[in-house]
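# Observations on the three-dimensional arrangement
Each chain, written out:
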There are 2 protein chains.
Amino acid sequence: MAPPPPPPHRAEVEYLVRRALYQRMGKSPPRRVLAPNPLVVNVRARHCHLTPAAVETLFGKGATLTPAQDLYQKGRFVAGESVTLVGPLGRVISNLRILGPCRSQNQVELARTDAIALGLEIPVRSSDSIAGSPGCTLMGPAGSLQMNEGVIRAAPHVHMNPDDAAFYNVKNGDIMHLRVGGPCATTFDRLLVRVHAESRLEVHIDTDEGNACALGPDTPVQLLS
Amino acid sequence: MAPPPPPPHRAEVEYLVRRALYQRMGKSPPRRVLAPNPLVVNVRARHCHLTPAAVETLFGKGATLTPAQDLYQKGRFVAGESVTLVGPLGRVISNLRILGPCRSQNQVELARTDAIALGLEIPVRSSDSIAGSPGCTLMGPAGSLQMNEGVIRAAPHVHMNPDDAAFYNVKNGDIMHLRVGGPCATTFDRLLVRVHAESRLEVHIDTDEGNACALGPDTPVQLLS
């Protein structure tokens, strides 16, 4: 059974309402209202990506990931399955969620708070760039998987398509700033730009960053080049 | 027995070395080297402040706090005693440290991550401004203390003396920015200025903020008005 479609993000609703209001008033909207897509900022809690072989090792021969909840990026989902992570000092994180679909290498993305709890020094990396990072053990109901590397802190990043990149005047690999307002106003100054034809405009920050700026559904956010 | 004096902060050493180098070179130093004091940024983990009466309730009649470690601000210390915090849902934080000396009201300062773990919504406040904040129970070896309010998230802030305030051209209650460099570069945009004749120049951020920007002893920091 397919998971239920997620409700629209508040940023999507506000984007549509704002455009409609300017149109009805017959006024020329400010530049940010003319952006091709709404700016969605989501906090990504710790999670892992697995290869098809790793899923079989952990969950049994022939096992595949079960989509439990769709993510904002098309085709991406939170799996119903989860694993237990054991760090090199024997410390444990239970119920580590798995994001699907499967990838070509195994990777664990933790916040710095998680890494401190495990007693692990992890590098800040772009996703998929795991060379030289520490490893860990993942345990599932059917077996365990020794990862020799692959535990990273994901650098804050923004997914966008070429229309968004043109609007913000940036290209893949550039660095932008994410300004977050509200009582804990914070600007993330090294937001990595990742451009892909199929991407929806979405910023990913981790739980440390989300809690530092107290990001809520109504917190004002702004992308700056 | 008095606690051992803390080693100098790396920022203090760098400040002295930088001034000496410019003097030896006979070159006129840039403005930041002319600042009256080094800029020290410290992460404050969750802690509480107690009244003398609360210390007696928790640790027994006649009990006082034992200084175990000096803090950067003169006369402030981490106590050897600690308490257990019980939140309204019965969830617990053990070994909550107590900062001394005693104050005129009881106050608990948590990061947002701590508050989420307790299931508590806490406001972002300047220290001592606790009206309307949630309460909790503190437990010590000799008794427990019911706080009806006083659990807050401390707003990031900078302590300074009037010379620092003149140099940065700010006054008590103003808002500054703290720019943190490095691979997780982050700017804290609502840094509250607290001016006091006896204060040493020091920024306090909490563990969420410190982990978001991955603050280390060699991370570059800059105060901007």
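In what follows, the accompanying structure is described. For clarity, every value in this text was computed on a predicted model and none was experimentally measured.

### Brief notes about the pattern of salt bridges
- Across all of its chains, the model carries 16 salt bridges over all chains by this definition.
- Note that aspartate 114 of chain A and arginine 46 of chain A form a salt bridge whose closest N and O atoms lie 2.7 Å from each other. Taken together, the residues span a long stretch of sequence, with aspartate 114 of chain A in helix H3 (residues 112-118) and arginine 46 of chain A in the loop between strand S1 (40-44) and strand S2 (47-49) at a distance of 68 residues.
- The shortest N-O distance in the salt bridge between arginine 153 of chain B and glutamate 209 of chain B comes to 3.3 Å.

### Topic: the pairing of strand S15 (residues 221-224) of chain A
Residues and elements named next belong to chain A.
- Alternating residues of S15 divide into Val221 and Leu223, all buried, and Gln222 and Leu224, none buried.
- With 4 bridges connecting them, strand S12 (residues 175-180) and S15 associate as antiparallel partners. Counted as the bridge partner of histidine 177 is leucine 224 from S15.

### Focus: the packing of aromatic side chains
All names here are of chain A.
- Evaluated as defined, the whole model comprises 2 aromatic pairs over all chains.
- Consider the rings of phenylalanine 167 and tyrosine 168, whose centres lie 4.9 Å apart with planes at 90 degrees: the pair is edge-to-face.
- Among the residues examined, phenylalanine 167 registers a relative accessible area of 15% and is labelled buried.
- Note on tyrosine 168: relative accessible area 12%, which makes it buried.
- A cation over a ring is seen here: arginine 200 above tyrosine 72, with NZ or CZ 3.9 Å from the ring centre.

### A word on the interface of chain B and chain A
- Counting residues at the interface gives 20 residues for chain B and 21 residues for chain A.
- In total, about 1,700 Å² of surface goes out of reach between chain B and chain A, with carbon and sulfur atoms giving 52% of it.
- There are 11 residue pairs in polar contact (both at pLDDT 80 or more) connecting chain B and chain A.
- The set of elements that each furnish at least two residues to the side of chain B that touches chain A consists of helix H3 (112-118), strand S13 (186-195) and helix H5 (207-212) of chain B.
- Looking at which element gives the most residues to the side of chain B that touches chain A, the answer is S13 of chain B, with 5 residues.
- For the side of chain B that touches chain A, the class distribution of residues is 9 nonpolar, 5 polar and 6 charged.
- With 3 bridges connecting them, strand S13 (residues 186-195) of chain A and S13 of chain B associate as antiparallel partners. The residue of S13 of chain B that forms the bridge with threonine 186 of chain A is phenylalanine 188 of chain B.

Rules behind the numbers
- Residues numbered from 1 in each chain as written.
- Chains lettered and ligands numbered in written order.
- Predicted model: local features only at pLDDT ≥ 70, side-chain atom pairs only at ≥ 80, totals over all residues.
- Heavy atoms only, no water.
- Salt bridge = Lys/Arg side-chain N within 4 Å of Asp/Glu carboxyl O.
- Helix = DSSP H or I, 4+ residues; strand = E, 2+ residues; numbered from the N terminus.
- Buried < 20%, exposed > 50% of the residue type's maximum accessible area, 1.4 Å probe, protein only.
- Pairing = 2+ DSSP bridges.
- Phe/Tyr/Trp six-rings, centres within 6.5 Å; stacked < 30°, edge-to-face > 60°.
- Lys NZ or Arg CZ within 6 Å of the ring centre and 35° of its normal.
- Contact = heavy atoms within 4.5 Å.
- Buried area = accessible area lost by both parts, 1.4 Å probe.
- Polar contact = N/O pair within 3.5 Å; in protein donor to acceptor, adjacent residues only side chain to side chain.
- Nonpolar A, V, L, I, M, F, W, Y, C, P; charged D, E, K, R; others polar.

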